[in-house]
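# Commentary on secondary and tertiary structure
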Amino acid sequence: MKKIMVAVLALGVLSSGCKVFEKLKKDDKQTTDTMQEDTQAKVFSVPATTSEVRENPTSDRMYEEPEETEKPVRVQSETFTFAQKEDQIKNESSTYFVIIGSFSSNENANRYKQELIPQGFNPIVLHSETGYYRVCVNSYNEELEARKRVHQIRNNYPKYADTWLLIKK
């Protein structure tokens, strides 16, 4: 009697196990089919960017974004001091500064400054209120000119693609 009960129980387990395996195989097939659909190339169209005039949230003036389809220019406003007196004399009237590097150490900022000179830049170092030393390559009174310079640097020197704009408070 015990043998019959064990045999019936074993058959029950085996038959239910087969159904579970059949369901797993069916689920795996559906997953594989879905994965194959997901890996097929999808084509998206991106509308062309046109030049547009927008209001600048940091000033009362309007500015025109360039037509290039590039990442937007990062803009940050902060107070700072000039690391050297002669840099202050030349640039203190400017409001917009093109930043090509930021460092927590003045020594590293000056080392980077020296690397930029042979590439045709005339860099200066600014000491920010945040404690960072900003390496600036140009300064402007007009925001549009500064933005154009940022895009020009990004296009001509791809390794400086993270160049951004600092606005003096």
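What you see is a predicted model, and the numbers here were worked out from it, not measured in a lab.

The rules behind the values
- Residues numbered from 1 in each chain as written.
- Predicted model: local features only at pLDDT ≥ 70, side-chain atom pairs only at ≥ 80, totals over all residues.
- Heavy atoms only, no water.
- pLDDT = per-residue confidence, 0-100.
- Contact = heavy atoms within 4.5 Å.
- Buried < 20%, exposed > 50% of the residue type's maximum accessible area, 1.4 Å probe, protein only.
- Helix = DSSP H or I, 4+ residues; strand = E, 2+ residues; numbered from the N terminus.
- Pairing = 2+ DSSP bridges.
- Salt bridge = Lys/Arg side-chain N within 4 Å of Asp/Glu carboxyl O.
- Phe/Tyr/Trp six-rings, centres within 6.5 Å; stacked < 30°, edge-to-face > 60°.
- Lys NZ or Arg CZ within 6 Å of the ring centre and 35° of its normal.
- Expected span 1.5 Å × (residues − 1).

## A short note on the confidence of the model for the chain
Taken residue by residue, the chain gives an average pLDDT of 78. The fraction at 70 or more is 62%. The model gives residues 34-59 a pLDDT under 50, and that stretch makes 24 contacts with residues more than four places away or in other chains.

## Overview of the pairing of strand β7 (residues 133-140)
Counting buried residues in β7 gives 7 out of 8 residues, a clear majority hidden from the surface. As paired strands, strand β5 (residues 96-103) and β7 are joined by 7 bridges and run antiparallel to one another. Looking at the pairing, Gly-101 lines up with Val-135 of β7. Pairing between strand β6 (residues 124-128) and β7: 4 bridges, direction antiparallel. Across the sheet, residue Ile-124 finds its bridge partner in β7, namely Cys-136. Linkage of β6 to β7, two consecutive antiparallel strands, is achieved through a turn of 4 residues, within which Gly-131 is found at a positive phi near 100°.

## Section: the pattern of salt bridges
Applying the stated criterion across every chain, the model contains 4 salt bridges. Of the charged contacts in the structure, one is a salt bridge between Glu-107 and Arg-111, with a shortest N-O distance of 3.0 Å. In this pair, Glu-107 and Arg-111 both sit in helix α3 (residues 106-116), 4 residues apart, roughly one turn of the helix. With relative accessibility at 56%, the residue Glu-107 sits in the exposed group.

## Comments concerning the packing of aromatic side chains
Each aromatic ring pair is summarised here by two numbers: the centre-to-centre distance and the angle between the ring planes. As enumerated under the stated definition, the model contains 7 aromatic pairs in all. Judged by centre distance (5.9 Å) and plane angle (80°), the rings of Phe-121 and Tyr-160 are edge-to-face. Remark: Tyr-160 occurs in the loop between α4 (143-156) and β8 (164-168) and Phe-121 occurs in the loop between α3 and β6; sequence separation between them is 39 residues. Classification of Phe-121 by relative accessible area gives buried; the value is 5%. Among the aromatic side chains, those forming a connected cluster through ring pairs are Phe-80, Phe-82 and Phe-97. Looking at Arg-74, its charged tip hangs above the ring of Trp-164, at a distance of 4.0 Å from the centre.

## Details of the environment of Ile-167
Positionally, Ile-167 belongs in strand β8. With a relative accessible area of 6%, Ile-167 lands in the buried category. With 70 residues separating them along the chain, Ile-167 and Phe-97 place their C-alpha atoms 6.4 Å apart.

## A look at α4
Under the 1.5 Å per step criterion, the end-to-end length of α4 is 20 Å for 14 residues, consistent within 8% with the ideal 20 Å. Looking only at α4, the buried set comprises Glu-143, Ala-146, Arg-147, Arg-149, Val-150, His-151, Ile-153 and Arg-154.

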